[in-house]
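A look at the structure
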Amino acid sequence: MSGDVDVAVVGGGVIGVMTAHEILSRSPGTRLAVLERDAVGQGASRRSAGLHIPRGATPRVREMTEYSEDFYRRLRAADPSVPVTPLPMHVVAPASAAGPVRERYVRTAAPAPVRELDAPRVRLGPGEAAWRVAGCQYADVPALVQWLARKVRHRADVREAVAVTGVEPAPGAVRLRLGTGEVLTAGQVVLAPGPWTGGPAWRDLLAPLEVRVKRVVALHVAAAPAPGDGAVVLEEQDAFLLPLHERGHWLFSYTSRQWDVDPDAPPRGLTAGQLAEGRDLLRRYAPGLADRAVSGRVFCDAYSPDRVPLIQPVDGDGRVLFAGAANGSGYRLAPAVAAAAADRLAPARRPDPHRERSDR
Ligand SMILES: Cc1cc2nc3c(=O)[nH]c(=O)nc-3n(C[C@H](O)[C@H](O)[C@H](O)COP(=O)(O)OP(=O)(O)OC[C@H]3O[C@@H](n4cnc5c(N)ncnc54)[C@H](O)[C@@H]3O)c2cc1C
């Protein structure tokens, strides 16, 4: 095939594939390639817990949250096979934090105080209160990426096991060197490398963004959720308990403080320290589950300096756009990141509408 495309998306995780889906939804005639070093959905997206918590620490993240929540709702309404499942959810925080909880959660979440936590395995700590919030859902993220990739594949050139080894902005186009020895020329490039922000092909381009990569850990709890069980978010601890109904066990996600992790370092599995840290916190809220937290998932994610996802040109010409650094929320914010990336594609590089019509 011809090497020239209008847009090349580098990285086939939830953000890259969602961005490809968004671009093609807006302009079906776009000549688009997705370049993925591994297989689509195999990076951070494969390990994602996939919880959508309807909150944001800043107005911009709340705006992205509302957009994304609505996007997933519409996607599911249009096709019930989309692997996104609505879930009841409670938030636990100090009783004195009612104001901040109301502020942080989006308007439609409408946090409502509850007398008792409607989650039999979880108990409140001293001085804590619980709120029920609306709009929560969770996804089987790898399955969602496959669902999106299926939509994209028949309209775009999705290349797996094809690494990008060089990104060379040049006048009028960007030359992408591929691990296969080929060169692909693209009018515009969206870099969506997940935690591989230090990849040699774009390390220098991305350095000014000051993205850092943090460990993300979740424990698997060997206890079956009952039908109707929902998520419990521990607001102050930035942790949550999530019933993975389709897998038949609970998941406990908690915050790790390990920074500057190399996503290519060989997996070492859970360490004794990670297991103990997670169990200690879980024991305070769900003592019956703590000792059943015996395994988990360990990977990492990209974090931006101000904890707002980055959608930003990284070359002088504005032809190379970075999209990502979603701070451990890349599933739930992917639709908003993708929409912002599509918005930033320069109009001059959008496909000619006449050609678009003739392509249909
Ligand atoms: C354990 C865990 C739990 C999580 N839980 C949640 C949650 O509950 N809710 C939530 O919203 N988010 C959660 N996240 C975060 C979320 O999963 C990530 O933010 C999201 O998956 C990032 O998507 P991405 O597309 O940016 O990155 P990725 O999925 O990592 O995709 C990037 C892709 O780029 C490819 N790539 C890298 N280098 C190259 C190259 N040179 N050439 C071509 N391709 C390349 C990689 O192979 C990879 O497939 C969690 C993350 C982890 C690790």
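Residue positions are given per chain, counted from 1 along the sequence in the order it is written. Under the rules for a predicted model, residues below a pLDDT of 70 receive no local features and side-chain atom pairs below 80 are neither given nor counted, while totals for whole chains, interfaces and linings still include all residues. Side-chain metrics in this entry use all non-hydrogen atoms of the structure; hydrogen atoms and water are not considered.

As recorded by an unreviewed UniProt entry, the chain carries the name NAD(P)/FAD-dependent oxidoreductase and is attributed to Streptomyces cinereospinus.

To continue, consider the overall build of the chain. Along the backbone of the chain there are ten helices and 19 strands. The globule rule is 2.2 Å times the number of residues to the power 0.38, and the radius of gyration it is compared with is taken over C-alpha atoms. For the chain, the C-alpha radius of gyration of 21 Å lies close to 21 Å, the compact-globule estimate for 360 residues. Seen along its three principal axes, the alpha-carbon backbone of the chain occupies a region of about 65 × 40 × 35 Å. Throughout, exposure labels follow a simple rule: accessible area from a 1.4 Å probe, protein chains only, divided by the maximum for the residue type, with under 20% read as buried, over 50% as exposed, and the rest as partly exposed. Residues counted as buried form 56% of the 360 residues belonging to the chain. Using the Shrake-Rupley algorithm and a 1.4 Å probe, accessible areas are obtained, with residue cover drawn only from the displayed protein chains. Of the accessible surface of the chain, which amounts to about 15700 Å², a share of 51% is contributed by carbon and sulfur atoms. By the counting rule applied here, Lys and Arg register as positive and Asp and Glu as negative, while His and the ends of each chain are not counted. Think of each charge as sitting on NZ of Lys, CZ of Arg, CG of Asp or CD of Glu. Of the side-chain charges in the chain, 46 are positive and 40 negative, and the distance between the mean point of each set is 3 Å. Secondary structure elements are defined from DSSP: runs of H or I of at least 4 residues count as helices, runs of E of at least 2 residues count as strands, and each element is numbered from the N terminus.

Following DSSP output, two strands are said to pair if at least two bridges run between them. Across the sheet, three strands lie side by side as β3-β8-β4; this open sheet has antiparallel pairing. In this open sheet, the two strands that pair with only one neighbour each are β3 (51-52) and β4 (84-86). Any two residues whose heavy atoms approach within 4.5 Å at even a single point are treated as in contact. The angle between two axes is taken between their N-to-C directions and runs from 0 to 180 degrees, where each axis is a line fitted to C-alpha atoms and a helix contributes only its stretch in contact. With respect to the sheet, helix α3 (residues 59-78) is in contact with β3, β4 and β8 (137-139), its orientation differing from that of β4 by roughly 105 degrees.

Once that is clear, we can look at the site of the ligand. Near is defined per residue: the residue qualifies when any heavy atom it owns lies within 4 Å of the molecule or strand. Around the ligand, the surrounding shell holds 39 residues, and the nearest of these are E36, A44, S45, L51 and D301. N or O atoms closer than or at 3.5 Å make up a polar contact, with two conditions inside protein: a donor-capable atom paired with an acceptor-capable one, and, for residues adjacent in sequence, both atoms drawn from side chains. Measuring from an oxygen atom of the ligand, one finds a backbone N or O atom of G50 at 3.2 Å. Here L51 contributes a backbone N or O atom positioned 2.8 Å from an oxygen atom of the ligand. The protein chains hide 97% of the 1000 Å² of surface that the ligand would expose on its own.

It is worth spelling out the pairing of strand β19 (residues 320-324) at this point. In terms of burial, β19 is a largely internal element, five of the five residues being buried. Where strand β12 (residues 183-191) meets β19, three bridges bridge the pair, whose relative direction is parallel. The partner of L191 across the bridge, within β19, is F322. In terms of strand pairing, strand β18 (residues 310-313) meets β19 through four bridges, oriented antiparallel. Across the sheet, residue I311 finds its bridge partner in β19, namely A323.

Further remarks concern the side chain of S45. Mapping S45 onto the fold places it in helix α2 (residues 44-47). Classification of S45 as buried rests on a relative accessible area of 8%. If sequence neighbours within four positions are ignored, S45 has contacts with G13, V14, V141, P142 and V145.

A word on the sheet that holds strand β17 (residues 293-303). By way of backbone hydrogen bonds, the strands of a sheet pair with one another, either parallel or antiparallel. Taken in spatial order, the eight strands make up an open sheet running β6-β7-β5-β14-β15-β16-β13-β17, and their pairing is mixed. In the strand order of this sheet, the two ends are held by β6 (112-114) and β17, each with one partner. Taking the axes of each pair of neighbouring strands and ignoring which way they run, one obtains an average angle of 25 degrees across the sheet. Pairing of strand β14 (residues 231-234) with strand β15 (residues 239-244) involves three bridges; the strand directions are antiparallel. Looking at the pairing, L234 lines up with A239 of β15. Lying on the sheet, helix α7 (residues 272-285) is in contact with β5 (89-94), β7 (128-133), β13 (212-221), β14, β15, β16 (249-254) and β17; it crosses β16 at an angle near 105 degrees.

Let's shift gears to the domain arrangement of the chain. Each domain of the chain was delimited in the assignment, giving domain 1 (1-86 + 136-210 + 305-360) and domain 2 (89-134 + 212-303). The domain boundaries here were taken from an automatic or database domain assignment. Domain 1 and domain 2 are separated by 28 Å when their C-alpha centres are compared. Taken together, the 30 residues of domain 1 in the interface contact 32 residues of domain 2. Note on terms: buried area is the combined drop in 1.4 Å-probe accessible area of two parts once they are placed together, counting the loss on both. With both chains or domains summed, domain 1 and domain 2 bury close to 2600 Å², and 61% of this area falls on carbon and sulfur atoms. The largest contributions to the domain 1 side of the interface with domain 2 come from R47, R55 and Y138, which together make up 23% of the buried area. We define a salt bridge as a contact between a side-chain nitrogen of Lys or Arg and a carboxyl oxygen of Asp or Glu at a distance within 4 Å. In this structure, the connection of domain 1 to domain 2 is made through three salt bridges. Residue R55 is joined to D238 by a salt bridge in which the shortest nitrogen-to-oxygen separation is 3.1 Å. Remark: the boundary between domain 1 and domain 2 carries 13 residue pairs in polar contact (both at pLDDT 80 or more). Sorting the residues of the side of domain 1 that touches domain 2 by element identifies α2 and α3 as the ones contributing at least two each.

What follows deals with the nonpolar core. Here the nonpolar core consists of buried residues drawn from Ala, Val, Leu, Ile, Met, Phe, Trp, Tyr and Cys, with membership extended through side-chain atoms lying within 4.5 Å. Residues I15, L32, Y72 and L144 are the most contacted members of the largest nonpolar core, which totals 46 residues. For this core, the secondary-structure elements that each account for two or more residues are β1 (4-10), α1 (14-26), β2 (32-36), α3, α5 (141-153), β19 and α9 (330-344). The contacts of L32, once residues within four sequence positions are left out, are V5, V7, A20, I23, L24, A156 and D157. Judged by nonpolar contacts, the second largest core, of 27 residues, contains L35, L178, L191 and L206.

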